[in-house]
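Listed here are the chains, written in short residue letters.
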Amino acid sequence: MSFIDLFQKKRKYATVPSTDRPVNRAGESGEILPEDKPKREIPEGLMNKCPKCATIQFTKELEKNLKVCTSCGYHFKLSAVERIQMVMDEGRFFEYDAELISEDPLEFPDYVGKYRKAVDATGMNDAVITGEGTIGGFPVVVAVMSFDFMGGTLGSVVGEKITNAIEHAMQKNDPLIIFSTSGGARMQESILSLMQMAKSSAAIAKFNEQGGLFISVITDPTFGGVSASYAMLGDYILAEPGAAFGFTGRRVIEQTIRQKLPDNFQTAEFNLKHGQVDMVVVRKDMKNTLTRLLDLHVVKGEVANGK
Ligand SMILES: [Zn+2]
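Residues numbered from 1 in each chain as written. Predicted model: local features only at pLDDT ≥ 70, side-chain atom pairs only at ≥ 80, totals over all residues. Heavy atoms only, no water.

A closer look at the confidence of the model for the chain
Logical step 1: Scored by pLDDT, the chain has a mean of 87; 83% of the residues are at 70 or more.
Logical step 2: Counting contacts from residues 1-28, a segment whose pLDDT is below 50, to residues more than four positions away or on other chains yields 69 contacts.
Logical step 3: A low-confidence stretch, residues 35-42 (pLDDT under 50), is modelled with 22 contacts involving residues beyond four sequence positions or located in other chains. (pLDDT = per-residue confidence, 0-100. Contact = heavy atoms within 4.5 Å.)

Some points on the environment of proline 109
Logical step 1: Along the chain, proline 109 falls in the loop between β5 (93-96) and α4 (111-122).
Logical step 2: Taking the C-alpha atoms as reference, proline 109 lies 8.2 Å from glutamine 188; in sequence the two are 79 residues apart. (Helix = DSSP H or I, 4+ residues; strand = E, 2+ residues; numbered from the N terminus.)

A closer look at the coordination of the zinc ion
Logical step 1: Looking at the metal site, the zinc ion is ligated by Cys50 (SG), Cys53 (SG), Cys69 (SG) and Cys72 (SG), spaced 2.2 to 2.3 Å from it.
Logical step 2: Coordination at the zinc ion comes from four donor atoms whose angles at the metal span 108 to 112°, giving a geometry best classed as tetrahedral.
Logical step 3: In terms of primary sequence, the donors binding the zinc ion are separated according to C-x2-C-x15-C-x2-C. You can see cysteine 53 sitting in the loop between β3 (47-49) and β4 (56-58) and its partner cysteine 72 sitting in the loop between α2 (59-64) and α3 (80-87), a full 19 residues away along the chain.
Logical step 4: Cysteine 53 sits in the partly exposed class, given a relative accessible area of 31%. (Donors = N, O, S within 2.8 Å, 3.2 Å for Na, K, Ca; no water. Tetrahedral: all angles 85-135°; square planar, octahedral: opposite > 155°, others 65-115°. Buried < 20%, exposed > 50% of the residue type's maximum accessible area, 1.4 Å probe, protein only.)

Re the UniProt feature "zinc finger region: C4-type" (unreviewed entry) in the chain
Logical step 1: Per the UniProt annotation, the sites labelled "zinc finger region: C4-type" (unreviewed entry) are residues 50-72.
Logical step 2: Between the first and last C-alpha atoms of residues 50-72 the distance is 9 Å; the span itself is 26% helix and 13% strand. (UniProt positions renumbered as here; feature names shortened; annotations may be inferred.)

Some words on unusual backbone geometry
Logical step 1: The amide bond that connects aspartate 220 to the next residue, proline 221, takes the cis arrangement and shows omega of -15°.
Logical step 2: Of note in the backbone geometry, methionine 150 takes a positive phi value of approximately 45° without being a glycine.
Logical step 3: Note on placement: methionine 150 falls in the loop between β7 (138-145) and α5 (156-172).
Logical step 4: Of note in the backbone geometry, serine 190 takes a positive phi value of approximately 45° without being a glycine.

Overview of the side chain of lysine 172
Logical step 1: With respect to the element layout, lysine 172 can be found in helix α5.
Logical step 2: Residue class for lysine 172 comes out buried when judged on its relative accessible area of 18%.
Logical step 3: At 3.5 Å, the side chain of lysine 172 forms a polar contact with the side chain of glutamate 132. (Polar contact = N/O pair within 3.5 Å; in protein donor to acceptor, adjacent residues only side chain to side chain.)

Concerning the nonpolar core
Logical step 1: Ile135, Val142, Ile177, Phe179, Ile215, Tyr230 and Leu290 are the most contacted members of the largest nonpolar core, which totals 62 residues.
Logical step 2: Those residues within four positions of isoleucine 177 in sequence are excluded, and the remaining contacts are Ile135, Val140, Val141, Val142, Ala143, Ile215, Val217 and Leu290.
Logical step 3: Residues Leu62, Cys69, Tyr74 and Phe76 belong to the second largest nonpolar core, which totals five residues. (Core = buried A, V, L, I, M, F, W, Y, C linked by side-chain atoms within 4.5 Å.)

Quick look at the UniProt feature "binding site: Zn(2+)" (unreviewed entry) in the chain
Logical step 1: Per the UniProt entry, the sites bearing "binding site: Zn(2+)" (unreviewed entry) are Cys50, Cys53, Cys69 and Cys72 in this numbering. These residues run over 23 residues, yet every pair of their C-alpha atoms falls within 8.7 Å of each other. Taking the annotated residues in turn, Cys72 line the second largest pocket.
Logical step 2: Its place among the elements puts cysteine 50 in the loop between β3 and β4.
Logical step 3: Excluding anything up to four places from it in sequence, cysteine 50 contacts Thr55, Gln57, Cys69, Cys72, Tyr74 and Phe76. (1 Å grid on protein atoms, 1.4 Å probe; cavity = no way out; pocket = protein on both sides within 12 Å on 5 of 7 lines; lining within 4 Å.)

Remarks on the pattern of salt bridges
Logical step 1: A complete count under the given rule lists 13 salt bridges for this structure.
Logical step 2: Between glutamate 82 and lysine 67 there is a salt bridge, and its shortest N-O distance comes to 2.8 Å. Taken together, the residues glutamate 82 in helix α3 and lysine 67 in the loop between α2 and α3 connect sequence positions 15 residues apart.
Logical step 3: On the accessibility criterion, glutamate 82 (6% relative accessible area) is buried.
Logical step 4: A residue is classified by how much of its surface remains accessible, and lysine 67, at 8% relative accessible area, is buried.
Logical step 5: Linking lysine 199 and glutamate 160 is a salt bridge whose minimum nitrogen-to-oxygen distance equals 2.7 Å. (Salt bridge = Lys/Arg side-chain N within 4 Å of Asp/Glu carboxyl O.)

A closer look at α5
Logical step 1: Between its terminal C-alpha atoms α5 stretches 24 Å, which fits the 24 Å expected from 17 residues at 1.5 Å a residue.
Logical step 2: Burial of α5 is extensive: 13 of the 17 residues sit out of reach of the surface.
Logical step 3: The positive-phi residue at the C-terminal boundary of α5 is asparagine 173, with phi of around 55°. (Expected span 1.5 Å × (residues − 1).)

Here it is as structure tokens:
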């Protein structure tokens, strides 16, 4: 879809709330608007317990604090929609490829049922939402993954949407920002899932050759095929505090090497210290940090990543 097509096409407007009603359910691409947000359904009801410090706080207070624990700063997971509302100007976003769904090509037992359940629970059609909008006034192409859709696993739909987003960024010569969170490859799609790593990485290499700017943002947790492909390929790699980020989980590594690993192993801070992450950014500063980076690289509408 070219830039022109995108805007000539009649836009479908969909309100994308936190969750208790489906996101973008029209089955077509559409703009996500901030108004008319129903409250997110939280099984615990009015209160939330912090998994890190066990402080109990009002859900409303927690949401006001961008879902960061008011006591210890623990960053709760966000849905893709919540994140879009937090970082995009006016919470607005024009979505790409909303209609893509997996076809269960391998007829993997119970995949269709699990997939359907995830669609119903999240209102998403797969584990990523991609599209375009502005951040701090700068036009950007953005992909945001959601862990609550089958653990943010990378299947053929996620890979295709990410690759399409990269290609949109390339055509428009706009910066690309991907917020990753993933348990890894989607086993129900086997090799078709693994090939998404190569496909998205090849697209990023091309984007990079063209001089495109790619900012990768790691959120909790990011593992497996996603960390071993696009999440690691950013010109900048930012991470939220405490975000677990690695390839294999700590238990598997400990059992393999028969050694105890440090407590903060694979956290954003550990990765910062060891050079895998460029900056750890608290949620309330994320939008400003992205704006600053965009401002550094976008000169009169032209993007330069220094290459
Ligand atoms: Zn806490």
